[in-house]
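Residue-level listing of the chains:
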Amino acid sequence: GTVIGTYRGHTARITSIAWSPDSQCIASCGEDKTVQFWDPISGKRHSQIFGHSKTINAVAWSPDGQRIASCSDDRMVYVEDVASGGRVFGHSGHLKEVYDVTWSPDGRYLVSCGKDQTVQVWDVMNKIRVITYTGHKGYTVNALQWTREGNYIITASDDYTSHVLSARTGQHMATFKGHSGFLLAVASSPDGRLAATAGYDTIVNVWSTGSAQQVLT
């Protein structure tokens with residue numbers, strides 16, 4: 001392919017990038033402890049946010065494109081208003097580094113995970129934690145996905161498994177087993193019926209979300 005835009009605003013390794021819902025802006029973050037917003041064609045920076053004290057591991061846009069969530073090795077999860085840069089929400093519920101964060105499809109909740117082996121769901125408006133999941137006992141949770149229809153949260157962990165949780169209650173619904181290494185990534189299909197997982201073992205497995213049956217390797 002042909003490069004149509006380049007951005008050079010960061011001063012250290014970049015760990016995560018995310019397109020805005022309207023495709024007009026990219027948010028990026030990394031070891032320089034900033035979240036930066038820039039035009040994908042011109043490469044011009046619109047703005048940047050400072051706040052984390054250590055590497056930022058992931059950024060996620062709210063479904064309406066008005067807020068950005070970030071998580072960091074400083075154990076914090078922040079939500080900022082994109083237009084003003086003002087902080088809307090912050091939580092310090094994790095005891096160790098936070099590796100991933102994502103929104104519920106309706107934009108009301110955030111789910112985060114990390115080195116403390118927990119998955120935490122927060123009500124952003126009321127600023128309260130509503131679910132703490134500890135099923136990956138003894139193992140880091142590296143990534144997660146809230147399925148697009150809103151029913152499930154799917155994890156990826158160092159215990160070589162992926163867990164399917166009820167997004168409403170946090171109840172464990174199923175476990176995907178089939179990898180031989182740490183899991184680093186998970187993605188759900190648009191209809192929520194399938195999930196794909198990948199990690200250290202160099203393979204991608206596709207699973208049925210409801211039955212936890214492997215359908216493709």
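In short, a report on the structure. (Residues numbered from 1 in each chain as written. Predicted model: local features only at pLDDT ≥ 70, side-chain atom pairs only at ≥ 80, totals over all residues. Heavy atoms only, no water.)

**Here we look at the pattern of salt bridges**
For the coordinates displayed, the defined rule picks out two salt bridges. A salt bridge links Glu 31 to Arg 13, with the shortest nitrogen-to-oxygen separation between them at 2.8 Å. Residue Glu 31 is located in the loop between strand S2 (26-30) and strand S3 (34-38), and its partner Arg 13 is located in the segment before strand S1 (14-19); the two are separated by 18 residues in the primary sequence. Among the residues examined, Glu 31 registers a relative accessible area of 33% and is labelled partly exposed. Here Arg 87 and Glu 80 are joined by a salt bridge, their closest N and O atoms 3.3 Å apart. Look at Arg 87 and you get partly exposed, because its relative accessible area is 44%. (Salt bridge = Lys/Arg side-chain N within 4 Å of Asp/Glu carboxyl O. Helix = DSSP H or I, 4+ residues; strand = E, 2+ residues; numbered from the N terminus. Buried < 20%, exposed > 50% of the residue type's maximum accessible area, 1.4 Å probe, protein only.)

**Section: the packing of aromatic side chains**
Counted under the stated rule, the structure contains seven aromatic pairs. Considering the side-chain rings of Tyr 7 and Trp 38, the 4.6 Å spacing of their centres and the 5° angle between planes classify their relative orientation as stacked. One end of the pair, Tyr 7, is in the segment before S1; the other, Trp 38, is in strand S3, and 31 residues separate them in sequence. Ring plane angle 40° and centroid distance 5.2 Å describe the contact between Phe 182 and Tyr 200, whose orientation is recorded as tilted. Placement of Phe 182 in the loop between strand S16 (172-177) and strand S17 (183-188) and of Tyr 200 in the loop between strand S18 (194-199) and strand S19 (204-208) is noted, with a sequence separation of 18 residues between them. Members of the aromatic cluster, connected to one another through ring pairs, are Tyr 160, Phe 182 and Tyr 200. Geometry around Tyr 78 places Arg 87 over its ring, the cationic atom sitting 3.5 Å from the centre. (Phe/Tyr/Trp six-rings, centres within 6.5 Å; stacked < 30°, edge-to-face > 60°. Lys NZ or Arg CZ within 6 Å of the ring centre and 35° of its normal.)

Coordinates in, geometry out; function isn't part of it.
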